[in-house]
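Each chain is listed here by its residues.
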Amino acid sequence: MNEPSPLFETYARADIAFDRGEGSWLVDTRGERYLDFGGGIAVSALGHAHPHLVETLREQAGKLWHTSNLYEVPEQRRLAQRLVDATFADKVFFTNSGAEALECAIKTARRYHYAGGHPERFRIVTFEGAFHGRTLATIAAGGQPKYLEGFGPKVEGFDQVPFNDMDALEAAITEETAAILIEPVQGEGGIRPVPLQFLRDLRALCDDKGLLLIFDEVQCGMGRTGKLFAHEWAGVTPDIMAVAKAIGGGFPMGACLATEEAARGMVPGVHGTTYGGNPLAMAVGNAVLDVVLEEGFLETVRDKALRLKQGLASIVDRHPDVFAEVRGEGLMLGLKCVVPNGEVVNELYANHMLTVPAGENVVRILPPLTASDEDISIALERIDAAATAVSARRGKEPSDNEEL
Ligand SMILES: *Cc1c(COP(=O)(O)O)cnc(C)c1O
């Protein structure tokens, strides 16, 4: 695929194209099978072609796709109610993507203070290493120079502080601060879980200063960490939360959840979307929830996660010249590399396994939440083999030859 492409040149794509998938596996256009432990970046949480999702989509596709938010959408109300019943939230707004869920979260936080007579409180504190999307506001929130460069003035109103630094955070809060925005586990930033105590301290700080706490659970939510949402591990709740990626299992959708109080400024006419929450998306979203909320599902995720993490830890021990550590929660795991992470990702392509690079020189391991024990064993074998190949190429032997 080296001919000139009619597409924007914004992506550095691997030279692989997939034709179909089933469970944890993808088949490329040449018929080669790949173990998908990237999930299209934490999206395909129920694997590929999950029978319940396929059946739901087929049935809805023959019935009704889109009507817009000019009318009632019963499946939208139903999905919102189920999310409300399962979380801290009272209100839900559906979007088509993660960035749009964040845009809604940011707007909700600003409008909250506006509605309370404090329009001057519009600033939002974010954290180094954050990723919140690629719209103009969300690149400002993420604060990464490489995503901001060349796009004109940075959207006003975002103040960034170092990760896990309470003193810096307190110093950044002013009379203009509206909210604190944080991913409970940083994804793009390199699978960095925020210490649970820090999340609790954030809640206390927000309560103390009248700030809204916004969690970005676009990547770590929807069962990924073994709880429906990652913040549940800390035992605290946000005022507003952005969700996307796994919420549609591959169908593009997102959601912004909020308490009734936090959503007080989001009155008729102030926000909207044409596609968001349409019948086709909502049917799939409800089908995803059917599976994730099934009795015992999240417990199984936690069991698998433990096995995978232990396996990865022993691979790290065996290959200290390739890996520095394994980190993350549940099935949101990262291998911090000693060699450039791209080398490991490429070696895994050669071993027919898909992973995703992240910041801090990390390789992300994001299996479907439905991965079988056998899938996990195969993944561990392939990662071990890739590490052996990477060390051999670098002219070093693995630290010992212990078998997996
Ligand atoms: C992927 C991601 C986003 C952006 O989602 P898009 O659907 O790409 O707009 C926002 N926040 C986090 C934490 C993400 O991982």
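Residues take numbers from 1 onward in each chain, read along the sequence in its written order. This being a predicted model, a pLDDT of at least 70 is required before a residue's local features are given, and a value of 80 or more before pairs of side-chain atoms are given or counted; all residues contribute to the totals for chains, interfaces and linings. The side-chain numbers reported here are obtained from all heavy atoms of the structure, hydrogens and water having been left aside.

- Per an unreviewed UniProt entry, the protein chain goes by Acetylornithine aminotransferase and derives from Oricola thermophila.
- Entered under Pathway (unreviewed entry) in the UniProt record, the comment concerning the protein chain runs "Amino-acid biosynthesis; L-arginine biosynthesis; N(2)-acetyl-L-ornithine from L-glutamate: step 4/4."
- UniProt positions are given in the numbering used here, feature names are shortened, and annotations may be inferred rather than shown by experiment. UniProt annotates the protein chain under Sequence similarities (unreviewed entry) with the comment "Belongs to the class-III pyridoxal-phosphate-dependent aminotransferase family. ArgD subfamily."

1. A closer look at the pattern of salt bridges
Here is step 1 of the chain: By convention in these notes, a salt bridge is any Lys or Arg side-chain nitrogen within 4 Å of a carboxyl oxygen on Asp or Glu. The tally for this structure, following the rule as stated, stands at 19 salt bridges.
Here is step 2 of the chain: Residue Arg327 pairs with Glu360 through a salt bridge whose shortest N-O separation is 2.5 Å. On the criterion of sequence distance, the pair formed by Arg327 in strand β13 (residues 323-329) and Glu360 in the loop between β16 (356-358) and β17 (362-365) is long-range, its members being 33 residues apart.
Here is step 3 of the chain: Between buried and exposed lies partly exposed: a residue is buried under 20% and exposed over 50% of the maximum accessible area for its type, with that area taken using a 1.4 Å probe on protein chains only. Accessibility expressed as a relative area gives 37% for Glu360, which makes it partly exposed.
Here is step 4 of the chain: Where Arg393 meets Glu343, a salt bridge forms, and the shortest distance between an N and an O atom there is 4.0 Å. Of this pair, Arg393 sits in helix α12 (residues 373-393) while Glu343 sits in helix α11 (residues 341-350), placing them 50 residues apart in sequence.
Here is step 5 of the chain: Among the ionic contacts, a cluster of salt bridges with common partners joins Arg192, Glu325, Arg327 and Glu360. Helix numbers and strand numbers start at the N terminus; a helix is a DSSP run of H or I with at least 4 residues, a strand a run of E with at least 2.

2. As for the UniProt feature "binding site: pyridoxal 5'-phosphate" (unreviewed entry) in the protein chain
Here is step 1 of the chain: Under the UniProt annotation, "binding site: pyridoxal 5'-phosphate" (unreviewed entry) lies at Gly98, Ala99, Phe131, Asp216, Glu217, Val218, Gln219 and Thr274. Taking the farthest pair of C-alpha atoms as the criterion, the annotated set spanning 177 residues is dispersed, since that pair is 25.2 Å apart.
Here is step 2 of the chain: Note on placement: Phe131 falls in the loop between β5 (123-127) and α5 (136-142).
Here is step 3 of the chain: Along the chain, the position of Val218 falls in the loop between β10 (212-216) and β11 (240-243).
Here is step 4 of the chain: Taking relative accessible area as the criterion, Val218 reaches 8% and is therefore assigned buried.
Here is step 5 of the chain: Any two residues having at least one pair of non-hydrogen atoms within 4.5 Å are treated as being in contact. Setting aside chain neighbours within four positions, we find Val218 in contact with Gly98, Leu102, Ala242, Val243, Ala244 and Lys245.

3. Some words on a nonpolar patch on the surface
Here is step 1 of the chain: Together, Leu136, Phe151 and Val155 line one region of the surface with nonpolar side chains, adding up to about 290 Å² of accessible area.
Here is step 2 of the chain: Within the secondary structure, Phe151 sits in the loop between α6 (145-148) and β6 (158-161).
Here is step 3 of the chain: By relative accessible area, Phe151 is classed as exposed at 54%. Nonpolar side chains (Val, Leu, Ile, Met, Phe, Trp, Tyr) within 5 Å and like charges within 9 Å form the patches, drawn only from residues with over 30% relative accessible area and no salt bridge. All accessibility values rest on the Shrake-Rupley procedure with a 1.4 Å probe; residue burial counts only the protein chains present in the view.

4. Let's talk about the environment of Arg302
Here is step 1 of the chain: Tracing the chain through its elements places Arg302 in helix α10 (residues 297-318).
Here is step 2 of the chain: The partly exposed category is assigned to Arg302, whose relative accessible area is 33%.
Here is step 3 of the chain: As for Arg302 and Trp233, which are separated by 69 residues in sequence, their C-alpha atoms are 12 Å apart.
Here is step 4 of the chain: The residues contacting Arg302, other than those within four sequence positions of it, are Gly226 and Trp233.

5. As for the site of the ligand
Here is step 1 of the chain: Any residue with at least one heavy atom within 4 Å of a molecule or strand is counted as near it. With respect to spatial proximity, the complete set of residues near the ligand consists of Ser97, Gly98, Ala99, Phe131, His132, Gly133, Glu183, Asp216, Val218, Gln219 and Lys245.
Here is step 2 of the chain: In protein, a polar contact means a hydrogen-donor-capable atom and an acceptor-capable atom, both N or O and within 3.5 Å, with residues adjacent in sequence counting only if both atoms are side-chain atoms; elsewhere, any N or O pair within 3.5 Å suffices. The contact in question runs from a nitrogen atom of the ligand to an N or O atom on the backbone of Phe131, over 3.3 Å.
Here is step 3 of the chain: Interatomic distance of 2.6 Å between a side-chain N/O atom of Lys245 and an oxygen atom of the ligand.
Here is step 4 of the chain: With the chains in place, 82% of the 380 Å² that the ligand exposes on its own is no longer accessible.
Here is step 5 of the chain: Residues are sorted three ways: Asp, Glu, Lys and Arg are charged, Ala, Val, Leu, Ile, Met, Phe, Trp, Tyr, Cys and Pro are nonpolar, and all the rest, Gly among them, are polar. A class-by-class count of the residues in the shell around the ligand yields three nonpolar, five polar and three charged.

6. With respect to the pairing of strand β12 (residues 254-258)
Here is step 1 of the chain: Judged by how many residues are buried, β12 sits mostly within the fold: five of five residues are covered.
Here is step 2 of the chain: With burial as the criterion, each face of β12 is covered, one bearing Gly254, Cys256 and Ala258 and the other bearing Ala255 and Leu257.
Here is step 3 of the chain: Strands were regarded as paired on the criterion that DSSP finds at least two bridges between them. Pairing of strand β4 (residues 91-95) with β12, which is carried by five bridges, proceeds in the antiparallel orientation. Each bridged residue has a counterpart across the sheet, and for Lys91 the counterpart in β12 is Ala258.
Here is step 4 of the chain: Two elements, β11 and β12, share four bridges in a ladder whose sense is antiparallel. Counted as the bridge partner of Ala242 is Cys256 from β12.

7. Digging into the packing of aromatic side chains
Here is step 1 of the chain: Two aromatic rings from Phe, Tyr or Trp, using only the six-membered ring of Trp, form a pair when their centres are within 6.5 Å; if the ring planes differ by under 30 degrees the pair is stacked, by over 60 it is edge-to-face, and anything between is tilted. Scanning the entire structure with this criterion turns up three aromatic pairs.
Here is step 2 of the chain: For the ring pair Phe18 and Tyr34, a centre distance of 5.4 Å and an interplane angle of 85° mean the geometry is edge-to-face. Taken together, the residues Phe18 in strand β1 (residues 18-22) and Tyr34 in strand β3 (residues 33-36) connect sequence positions 16 residues apart.
Here is step 3 of the chain: Given the relative accessible area of 33%, Phe18 is considered partly exposed.
Here is step 4 of the chain: Our definition puts a charge over a ring when NZ of Lys or CZ of Arg is within 6 Å of the ring centre and also within 35 degrees of the ring normal. Cation over ring: Arg134 sits above Tyr147, and NZ or CZ is 3.8 Å from the ring centre.
Here is step 5 of the chain: A cation sits over an aromatic face here: Arg264 above Tyr112, 3.8 Å from the ring centre.

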